[in-house]
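Here are the chains, one letter per residue:
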Amino acid sequence: MTNALDAVLEIFSWVGFGVAVVFGLVAVIVWAVDGSWLPAEAYLDEDGVTARWIDVDGEVNAAVLSAADAAALGGVDRASIFYRHGWCGRVRLTPRPPVLKLLWGMAIGGAGVGILSVIGSIAAIFLRG
């Protein structure tokens, strides 16, 4: 029975730390590829789909919002947005992509499983002796 417990805890520790490393690396890659997004105050046209804002260089920009973003704003005339610096027409409502939060959560969860398995292994060693 103790050999089976040791094997299960060992497998969970390797899998947990492996998941943490893989998802952590993917999260860093997604974060780096995403680039820099700057905040701005946008004014929406009467249609509620086209956003216009002034960027840090003083230029007026415009972008058509996605259907999900337009629905999330709910017909307001002004909104806080984030635009991609150096690109035209790239806008979103969050500073980072939503998938990044999921990737970091998976990495932290994997690390948690690995740490708990190592603690369980150490506790099993001391309880046996």
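This structure is a prediction, so every number in the text was calculated from the model and none was measured. (Residues numbered from 1 in each chain as written. Predicted model: local features only at pLDDT ≥ 70, side-chain atom pairs only at ≥ 80, totals over all residues. Heavy atoms only, no water.)

J.: Before we move on, could you go through the environment of Asp6 and cite the residues and values that matter?
T.: Along the chain, Asp6 turns up in helix α1 (residues 2–34). Considered as a pair, Asp6 and Ile122 are 116 residues apart in the sequence and their alpha carbons are 9.8 Å apart. Setting aside residues no more than four positions away along its own chain, Asp6 makes contact with Ala124 and Arg128. (Helix = DSSP H or I, 4+ residues; strand = E, 2+ residues; numbered from the N terminus. Contact = heavy atoms within 4.5 Å.)

J.: Kindly report on the pairing of strand β3 (residues 60–64), identifying the contributing residues and their values.
T.: Burial of β3 is one-sided: the residues Asn61 and Ala63 facing one way are buried, the residues Val60, Ala62 and Val64 facing the other way are not. Here strand β2 (residues 50–54) runs beside β3; their pairing, made up of five bridges, is antiparallel. Looking at β3, one finds that Thr50 is bridged to Val64. (Buried < 20%, exposed > 50% of the residue type's maximum accessible area, 1.4 Å probe, protein only. Pairing = 2+ DSSP bridges.)

J.: Run through the sheet that holds β3, naming residues and quoting values.
T.: Pairing in this open sheet of five strands is antiparallel, and the strands run β3-β2-β1-β4-β5 from one edge to the other. Strands with a single pairing partner mark the edges of an open sheet, and in this sheet they are β3 and β5 (91–92).

J.: Report on the packing of aromatic side chains, specifying residues and quantitative values.
T.: What the rule picks out here adds up to one aromatic pair. Aromatic side chains Trp53 and Tyr83 sit 5.7 Å apart centroid to centroid with 35 degrees between the ring planes, which places their arrangement in the tilted category. Here the residue Trp53 occupies a position in strand β2, and Tyr83 occupies one in strand β4 (residues 78–84), the gap between them amounting to 30 residues. Neither residue differs from the other here; Trp53 and Tyr83 are each classed as buried. Seen from the ring of Trp87, Arg90 lies directly overhead, with NZ or CZ sitting 5.1 Å from the centre. Above the plane of the ring of Trp37 lies Arg92, whose end atom (NZ or CZ) is 3.8 Å from the centre. (Phe/Tyr/Trp six-rings, centres within 6.5 Å; stacked < 30°, edge-to-face > 60°. Lys NZ or Arg CZ within 6 Å of the ring centre and 35° of its normal.)

J.: Tell me about the nonpolar core, residues and numbers included.
T.: The tendency in soluble globular proteins is for nonpolar side chains to be buried as a group. Listed in full, the 12 residues of the largest apolar core are Ala40, Ala42, Leu44, Ala51, Trp53, Ala63, Leu65, Leu73, Ala79, Ile81, Tyr83 and Val91. Listed by contribution, the elements that provide at least two residues to this core are β1 (37–44), β2 and β4. With near-sequence residues (within four places) excluded, Leu44 lies in contact with Thr50, Ala51, Leu65, Leu73, Val76, Asp77, Arg78 and Ala79. (Core = buried A, V, L, I, M, F, W, Y, C linked by side-chain atoms within 4.5 Å.)

J.: Help me get a handle on the pattern of salt bridges, residues and values and all.
T.: Summed over all chains, the structure comprises five salt bridges. Across the pair Asp6 and Arg128 runs a salt bridge whose closest N-O atoms are separated by 2.5 Å. You can see Asp6 sitting in helix α1 and its partner Arg128 sitting in helix α3 (residues 98–128), a full 122 residues away along the chain. Two residues, Arg92 and Asp34, come together in a salt bridge whose shortest N-O distance is 2.6 Å. Taken together, the residues Arg92 in strand β5 and Asp34 in helix α1 connect sequence positions 58 residues apart. Here Arg92 matches Asp34 in class, with each residue buried. The structure contains a network of salt bridges with shared partners spanning Asp34, Arg92 and Arg96. (Salt bridge = Lys/Arg side-chain N within 4 Å of Asp/Glu carboxyl O.)

J.: Break down a nonpolar patch on the surface for me, citing the residues and quoting the values.
T.: Side chains of Phe17, Ile115, Leu116, Val118, Ile119, Ile122, Ile125 and Phe126 sit close together on the surface and give an oily, nonpolar patch of about 800 Å² of accessible area. With seven residues, α3 is the largest single contributor of residues to the nonpolar patch. (Patch = residues over 30% accessible without salt bridge, like charges linked within 9 Å, V, L, I, M, F, W, Y side chains within 5 Å. Areas by Shrake-Rupley, 256 points an atom, 1.4 Å probe, with all protein chains shown as cover.)

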